Amino acid sequence: MADDGEVKLFGTWASPFAFRVELALKLKGVPYEYIQEDLTDKSSDLLKYNPVYKKVPVLVHRGRPIAESQVILEYIDETWKTDYPLLPQDPYERAMARFWARFIDEKFLSTSWQAACSSSEAEREKLIEEALGYLKVLEEQQHKRLLGGNDTIGFLEICSSFVAYWIIVIQEAAGVDLLTESKFPNLWKWAVEFQGCPAIKQKLPLPEKDRLVAFFSAMIEKIKRYK
Ligand SMILES: N[C@@H](CCC(=O)N[C@@H](CS)C(=O)NCC(=O)O)C(=O)O
């Protein structure tokens, strides 16, 4: 694909949100420059481009910044209309993809991360119960939509990479049990498929698990110390 103006992605290697954007750019075949941020010492460019949240990922296209991974994915899909659409063409299916992606971020992701970082046993148990409830919803209703029985990776699958991979890493780092094969066989099977999916292996391999576990263990310990 021709270079459609300058594209820069501010991210960091362990971020599930930056991974989403990088995978979308790779699937679309959009050339970009990756700027690796150190979140303990954020660059002045990151603070300039995302003054509201001061977080990665930020996509800068022709000098204009866009923050928030789901917003960025939609921008990418609308800007680079290649033969690889990320969102479904059908309006109802498109609405469903957005609905479930939002459910994953606003419900499961935030609750499971709080559970991983909680230093109070009682609070942690409560959050684990809540997160398991969200997984039950995904297990019963959602695994069929994910991957859809083929190797297509679209908006929802990209956003679901947190469930298919990062949560398995984070729960190991934090010593909590959330997504397990015995509790959620459908989701587990789908997560294994997702990790082995050729499109991911070829375009953007998932970050190495041991390295991620070590990274998140250290991060979780640090967060607990400062609570
Ligand atoms: N809702 C945001 C979440 C982004 C986010 O939490 N990024 C983390 C890295 S995984 C970050 O930059 N954290 C830095 C900070 O909180 O100071 C998205 O979807 O992009």
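Conventions adopted
Residues numbered from 1 in each chain as written. Predicted model: local features only at pLDDT ≥ 70, side-chain atom pairs only at ≥ 80, totals over all residues. Heavy atoms only, no water. UniProt positions renumbered as here; feature names shortened; annotations may be inferred. Near = heavy atom within 4 Å. Polar contact = N/O pair within 3.5 Å; in protein donor to acceptor, adjacent residues only side chain to side chain. Areas by Shrake-Rupley, 256 points an atom, 1.4 Å probe, with all protein chains shown as cover. Nonpolar A, V, L, I, M, F, W, Y, C, P; charged D, E, K, R; others polar. Salt bridge = Lys/Arg side-chain N within 4 Å of Asp/Glu carboxyl O. Helix = DSSP H or I, 4+ residues; strand = E, 2+ residues; numbered from the N terminus. Buried < 20%, exposed > 50% of the residue type's maximum accessible area, 1.4 Å probe, protein only. Domains from an automatic or database assignment. Contact = heavy atoms within 4.5 Å. Buried area = accessible area lost by both parts, 1.4 Å probe. Pairing = 2+ DSSP bridges. Axes fitted to C-alpha atoms, helices over the stretch in contact; angles between N-to-C directions. Expected span 1.5 Å × (residues − 1). Bend = angle between axes of the 7 residues up to and from the residue.

- An unreviewed UniProt entry annotates the protein chain as Glutathione S-transferase originating from Trapa natans.
- The UniProt entry for the protein chain carries the following comment under Subcellular location (unreviewed entry): "Cytoplasm, Cytosol".
- The heading Catalytic activity (unreviewed entry) in the UniProt record of the protein chain holds the text "RX + glutathione = an S-substituted glutathione + a halide anion + H(+)".

Some points on the site of the ligand
Part 1: Around the ligand sit Ser15, Phe17, Leu39, Lys42, Lys55, Val56, Pro57, Glu68 and Ser69, and those are all the residues in its vicinity.
Part 2: Glutamate 68 is positioned such that a nitrogen or oxygen atom in its side chain is 2.8 Å from a nitrogen atom of the ligand.
Part 3: Taken by itself the ligand offers 520 Å² of open surface, and the protein chains cover 73% of this.
Part 4: Here the shell around the ligand is composed, by residue class, of four nonpolar, two polar and three charged.

Side note on the pattern of salt bridges
Part 1: If you walk through the whole model with that rule in mind, you get seven salt bridges.
Part 2: Among the ionic pairs, lysine 48 bridges to aspartate 45, the shortest N-O distance being 3.6 Å. Within this pair, lysine 48 and its partner aspartate 45 are both found in helix H2 (residues 44-49), separated by three residues, close to a single helical turn.
Part 3: Residue classification places aspartate 45 among the partly exposed positions, given a relative accessible area of 33%.
Part 4: A salt bridge links glutamate 172 to lysine 209; its shortest N-O distance comes to 2.9 Å. Remark: lysine 209 occurs in helix H9 (residues 209-225) and glutamate 172 occurs in helix H6 (residues 155-174); sequence separation between them is 37 residues.
Part 5: For lysine 209, a relative accessible area of 31% puts it in the partly exposed group.

A word on the domain arrangement of the protein chain
Part 1: Per the domain assignment, the segments of the protein chain are domain 1 (7-79) and domain 2 (91-225).
Part 2: For domain 1 versus domain 2, the separation of C-alpha centres amounts to 21 Å.
Part 3: Taken together, the contact pairs 16 residues of domain 1 with 24 residues of domain 2.
Part 4: Each partner contributes to the roughly 1900 Å² buried at the junction of domain 1 and domain 2, and carbon and sulfur atoms together form 72% of this total.
Part 5: The shortest N-O distance in the salt bridge between arginine 98 and glutamate 74 comes to 2.8 Å.
Part 6: At the junction of domain 1 and domain 2, the tally comes to six residue pairs in polar contact (both at pLDDT 80 or more).
Part 7: Within the residue set of the side of domain 1 that touches domain 2, elements represented by two or more residues are helix H1 (16-28) and helix H3 (69-79).
Part 8: Among the elements that make up the side of domain 1 that touches domain 2, the one with the highest residue count is H1 (nine residues).
Part 9: A breakdown of the residues in the side of domain 1 that touches domain 2 according to their chemical character gives nine nonpolar, three polar and four charged.

Quick look at the sheet that holds strand S3 (residues 58-61)
Part 1: Spatially, the four strands line up as an open sheet ordered S2-S1-S3-S4, and their pairing is mixed. Bordering the open sheet on either side are strand S2 (33-36) and strand S4 (64-67), each of which pairs with just one other strand. Here the strands of the sheet are splayed against their neighbours by 20° on average, with no regard to which way each runs.
Part 2: Relative to S3, strand S1 (residues 7-11) runs antiparallel, the two being bridged by four bridges. In the strand pairing of S3, leucine 9 is matched with leucine 59.
Part 3: Across the sheet, H1 lies against S1, S2 and S3, angled at about 155° from S1, the strand it touches most.

Quick notes on helix H4 (residues 91-117)
Part 1: Its 27 residues place the ends of H4 38 Å apart at the C-alpha level, agreeing with the 39 Å of an ideal helix rising 1.5 Å per residue.
Part 2: In H4, a bend of some 30° at isoleucine 104 exceeds every other bend along the element.
Part 3: The N-terminus of H4 is capped by aspartate 90, whose side-chain oxygen sits 3.2 Å from the backbone nitrogen of tyrosine 92.

Examining the side chain of serine 69
Part 1: Locating serine 69 in the fold gives a position in helix H3.
Part 2: Serine 69 sits in the buried class, given a relative accessible area of 5%.

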